[in-house]
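Coordinates in review
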Amino acid sequence: MEKFNFYQITDLHYYANEAIGSYGKYFDLRCGTDQKCVAESGAIIDAAFKEIADDKDNEIVIISGDVTYDGEKVSHDLLVKKLKKLKKAGKRIFLMFATHDFDNNARGYTEIGDFKLEEYPRSQLRDVYAEFGWNEAVSEHTPSYSYAVKLVPGWRLLMLNDDGNGRSYCGYDESLIDWIKNQVKEANADGEKVIAVTHHPMLPPGVVYPLFSHRDMLGDYETVAPMFADLGIQFCFTGHTHMQSITHIDTARGNRLYHVNTGSIVGHPAPYRKMTVTEDGIDVKTHNLKTFDWDMKGMTTEEYMKDHFLFMLRDIFDSMENDIEHFKLLANGFSMDAKTVDKLKPLLKTLGKIINGLTFDSLGKLLLISSKIDPLVKNVKVKDFLLELVVNLYSGIRRYTPDTAEYKSFMAIASRIPKFITLKDYFGNPVEFKEIFEDLLYNTGEFDNTNAFLPFKAHHE
């Protein structure tokens, strides 16, 4: 089998502010309440594309959706120019769009408020990006704008657009499922293996993910993921979650689907992946963006993007205690209106004070488990530790194994959760809190979430 490699970069969320010209307190608020680097997105994309262009050992780049911030027409137009430059550097680019790329209330901002920006309708996006995938298609599923290409001899790539009705359901309808099955049959007849790319995850990046973001999973993932495995599709590459994970399932027939979920290039830690296909499997390597042209206030790229990532979360807790009017502005981002904030103001201020001051030691005393809190973490603020767990979930690097003081102390606290509270995992099976918390603390899966070799498995009919 011919050895080859390809890059995956996803969730560019490009906001072309060099053309839009947004500014002022409303734009600052929009940027400050987003995990993604909005204002910096153009500079980040330019730097990432240059790193990829400079790799002369590669010619294939896969971009798996949410290429603009909120579907701004000008962002699409300027992104096409950046893509053409990358293509001119010798790259074959295969792109799909997703739900952020159309009908998403694109806005510009001034000192006095925001205003509507022009967007492309979904029906035009296929032609806007035609030279980045569709023009090489050997087959298209016209209603969904999905397409298939012969990637290299022996491999077929399925770019599966799952934006569904755009909001409440993202997945595959019956006609797209039939098209996928026919593509696999054609690939088998041509002696080809199949790689699938879709935007929304078929497998979650962590046990906790479907519990609070079930709608952000691929529709009907419970049946689609094992169906892919049994069809003989062993590899699926996705985005959307902004989280780094490498997971898999094995079906009752003994077939395996590997699921590689890559984080957003404009969010911490600015990851993209390079996959090397060998005769034995696919080697996955993560690259984090080295630098980009921006005033990072003396910080490294990693420090700058992490600081931006955490700013919103810290701001929520700090303003809850100290600036309730500012908290009202932030609360709108998680569906709490100003009237509710006013009604709960005394409770929120008290809760904010408790959260901001709580340490492992004080929480251990409160729960009557002080003796189980390791001295190494007694003075660690619970808020700071929880924020670190969130960062680790996104970066894919979870290091608090059962032999660490953090694990022992956190799990002692978690053990106080009432036993009658039950939850279910992403396939509907009962799951204990212990399993959820362990998955947040360290990587309990078979593969490292950042770098892993994924061996081919025999297919069973």
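Below is a summary of the structure that appears in this document. Model, not experiment: these values are computed from the prediction.

**Quick notes on the state of the cysteines**
- For the structure shown, the criterion picks out 0 disulfides.
- With no disulfide of its own, cysteine 31 lies 9.1 Å from the sulfur of cysteine 37, the closest cysteine sulfur.

**Observations concerning helix α3 (residues 41–53)**
- When the terminal C-alpha atoms of α3 are compared, their 18 Å separation across 13 residues agrees well with the 18 Å that a helix rising 1.5 Å per residue should span.
- Burial analysis of α3 places 11 of its 13 residues in the buried class, which makes it a mostly covered element.
- Every buried residue belonging to α3 is among Ser41, Gly42, Ala43, Ile44, Ile45, Ala47, Ala48, Phe49, Glu51, Ile52 and Ala53, and all of these are buried.
- Against β1 (4–9), β2 (60–64), α4 (73–88), β13 (271–277) and α9 (301–322) lie the buried residues of α3.

**A few points about the side chain of aspartate 34**
- Positionally, aspartate 34 belongs in the loop between α2 (25–32) and α3.
- Note on aspartate 34: relative accessible area 6%, which makes it buried.
- Of note is the side chain of aspartate 34, whose polar atom sits 2.6 Å from the side chain of tyrosine 69.
- When neighbours within four sequence positions are excluded, aspartate 34 is seen to be in contact with Tyr69, His308 and Met312.

**Regarding the sheet that holds β2**
- The 6 strands lie next to each other as β3-β2-β1-β13-β14-β17, forming an open sheet whose pairing is mixed. Among the strands making up the open sheet, the edge pair consists of β3 (92–96) and β17 (452–455). Looking at each pair of strands side by side, their axes are set apart by 20° on average, direction ignored.
- Set on the sheet, α3 makes contact with β1, β2 and β13; between it and β1 the angle comes to about 180°.
- Strands β2 and β3 of the sheet are contacted by α4, whose axis makes an angle of about 150° with β3.

**Here's the deal with the pairing of β2**
- Along β2, 5 of the 5 residues are buried, which leaves the element largely enclosed by surrounding structure.
- Neither face of β2 is open: one carries Ile60, Ile62 and Ser64, the other Val61 and Ile63, and all of them are buried.
- In the sheet, β1 pairs with β2 via 3 bridges, with the strands oriented parallel. Counterpart to tyrosine 7 in the pairing with β2 is valine 61.
- Inspection of the sheet shows β2 paired to β3 by 5 bridges, in the parallel sense. Bridge pairing in β3 links isoleucine 63 to leucine 95.
- Crossover connection from β2 via α4 to parallel β3: handedness right-handed.

**Comments concerning the pairing of β3**
- Among the 5 residues that make up β3, 5 are buried, leaving the element largely enclosed by the rest of the structure.
- In β3, alternate side chains face the same way, and those of Arg92, Phe94 and Met96 on one face and Ile93 and Leu95 on the other are all buried.

**A few points about the packing of α9 against helix α10 (residues 324–331)**
- Relative to each other, α9 and α10 sit at 140°, their axes nearing to 7 Å. As judged from the angle between their axes, α9 and α10 are oblique. Viewed along their axes, α9 and α10 form a crossing whose handedness is left-handed. Only Ile324, His326, Phe327 and Leu330 of α10 make contact with α9, whose side of the interface consists of Asp315, Ile316, Ser319, Met320 and Asn322.
- Across the contact of α9 with α10, the residue classes tally to 5 nonpolar, 3 polar and 1 charged.

Rules behind the numbers
- Residues numbered from 1 in each chain as written.
- Predicted model: local features only at pLDDT ≥ 70, side-chain atom pairs only at ≥ 80, totals over all residues.
- Heavy atoms only, no water.
- Disulfide = S-S within 2.5 Å.
- Helix = DSSP H or I, 4+ residues; strand = E, 2+ residues; numbered from the N terminus.
- Expected span 1.5 Å × (residues − 1).
- Buried < 20%, exposed > 50% of the residue type's maximum accessible area, 1.4 Å probe, protein only.
- Contact = heavy atoms within 4.5 Å.
- Polar contact = N/O pair within 3.5 Å; in protein donor to acceptor, adjacent residues only side chain to side chain.
- Pairing = 2+ DSSP bridges.
- Axes fitted to C-alpha atoms, helices over the stretch in contact; angles between N-to-C directions.
- Right-handed = clockwise from strand over helix to strand, strands pointing away.
- Parallel < 35°, antiparallel > 145°, perpendicular 65-115°, else oblique.
- Left-handed = near helix turned anticlockwise from the far one by under 90°.
- Nonpolar A, V, L, I, M, F, W, Y, C, P; charged D, E, K, R; others polar.

Worth remembering: the numbers are spatial, not functional.
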